[in-house]
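Inside the fold
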Amino acid sequence: MEDEVIDFARRWDPQRFHTDPEAAGRGHHGGLFASGIHTLAVLQRLCVESFYSRWSVIAGRGFDKVRFTAPVRPGDTLTGSVIIGDVSLDDSRGRVRLEMEMHRTDATTVLTAELVVFVWRRGLQAAMRDDPVATPPLG
């Protein structure tokens, strides 16, 4: 697991507290920890596996209020929770605001964020034909 944290950080966030266990051990957090970008990537994977794969997602609009509230260590197991904050609809799509949290197994919150995502409304086959990268709405 440590190799995964270091490999990700070397490629995407090469700060010593993510890439050098010895230097990280002398730092503020007392050891190596995952990049926040890595933690967001895990969150995205969990969302795709849990519900995005069943939605007709057009695109994410943006993350807001992202907070990394505790370090994620090599070997930590992360779980998450998502609350649908609100939904607004127009003729063809919905705008969904999600309130997200990720936790370690000891219940420590490691990340909080809000995300806005656009999804197709059900039954919009004509709109789907005009968008070559979209996935069909669920029936």
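First, a word on what this report is: a plain description of the structure on this page. In this text the structure is predicted, and so the values were computed from the model without any measurement.

Rules behind the numbers
- Residues numbered from 1 in each chain as written.
- Predicted model: local features only at pLDDT ≥ 70, side-chain atom pairs only at ≥ 80, totals over all residues.
- Heavy atoms only, no water.
- Buried < 20%, exposed > 50% of the residue type's maximum accessible area, 1.4 Å probe, protein only.
- Helix = DSSP H or I, 4+ residues; strand = E, 2+ residues; numbered from the N terminus.
- Arc of directions from axis to C-beta.
- Contact = heavy atoms within 4.5 Å.
- Pairing = 2+ DSSP bridges.
- Axes fitted to C-alpha atoms, helices over the stretch in contact; angles between N-to-C directions.
- Salt bridge = Lys/Arg side-chain N within 4 Å of Asp/Glu carboxyl O.
- Phe/Tyr/Trp six-rings, centres within 6.5 Å; stacked < 30°, edge-to-face > 60°.

Within helix H1 (residues 2-12), burial applies to Val5, Ile6, Phe8 and Ala9. Each buried residue of H1 lies within a common arc of 165° when the element is viewed along its axis, so the set occupies one face. Along H1, exposed side chains directed more than 90 degrees from the buried face belong to Asp3, Arg10 and Arg11. Here the buried face of H1 lies against helix H2 (16-19), helix H3 (21-26) and helix H4 (36-50).

The next subject is the sheet that holds strand E3 (residues 93-104). Judged by pairing direction, the sheet is antiparallel, and its four strands sit side by side in the order E1-E4-E3-E2 without closing on themselves. Both edges of this open sheet fall to strand E1 (57-68) and strand E2 (78-89), since each of them pairs with a single strand only. Here the strands of the sheet are splayed against their neighbours by 20° on average, with no regard to which way each runs. With 11 bridges connecting them, E3 and strand E4 (residues 109-120) associate as antiparallel partners.

At Lys65, a position not held by glycine, the phi torsion is positive, near 55°. Tracing the backbone through its elements, the reader meets Lys65 in strand E1. Owing to a relative accessible area of 55%, Lys65 belongs among the exposed residues under this scheme. Its identity is not glycine, yet Ala107 carries a phi of approximately 75°, on the positive side. By the secondary structure assignment, Ala107 is in the loop between E3 and E4.

The next subject is the pairing of E3. Note: E2 against E3, 11 bridges, orientation antiparallel. Considered in E3, the bridge of Val82 is made with Met100. The turn joining E2 and E3, which pair antiparallel and follow one another in sequence, is formed by three residues. Between the end of E3 and the start of E4, which pair antiparallel, lie four residues, with Ala107 showing a positive phi angle near 75°.

This model, assessed by the stated rule, comprises nine salt bridges. The shortest N-O distance in the salt bridge between Asp90 and Arg93 comes to 3.5 Å. Judged by relative accessible area, which is 34%, Asp90 ranks as partly exposed. Since its relative accessible area comes to 31%, Arg93 is described here as partly exposed. Ionic pairing is found between Glu114 and Arg97, a salt bridge with its closest N-O pair at 3.7 Å. With Glu114 in strand E4 and Arg97 in strand E3, this residue pair connects regions lying 17 residues apart in the sequence. Considered together, Glu114 and Arg97 belong to a single accessibility category, that of buried residues.

This part covers the packing of aromatic side chains. Applying the stated criterion across every chain yields a total of four aromatic pairs. An angle of 50° between the planes, with centres 4.9 Å apart, marks the rings of Phe51 and Trp55 as tilted. What makes Phe51 buried here is its relative accessible area of 12%. Look at Trp55 and you get partly exposed, because its relative accessible area is 25%. A ring pair is formed by Tyr52 and Trp55, whose centres lie 6.0 Å apart and whose planes are at 55°; its orientation type is tilted.

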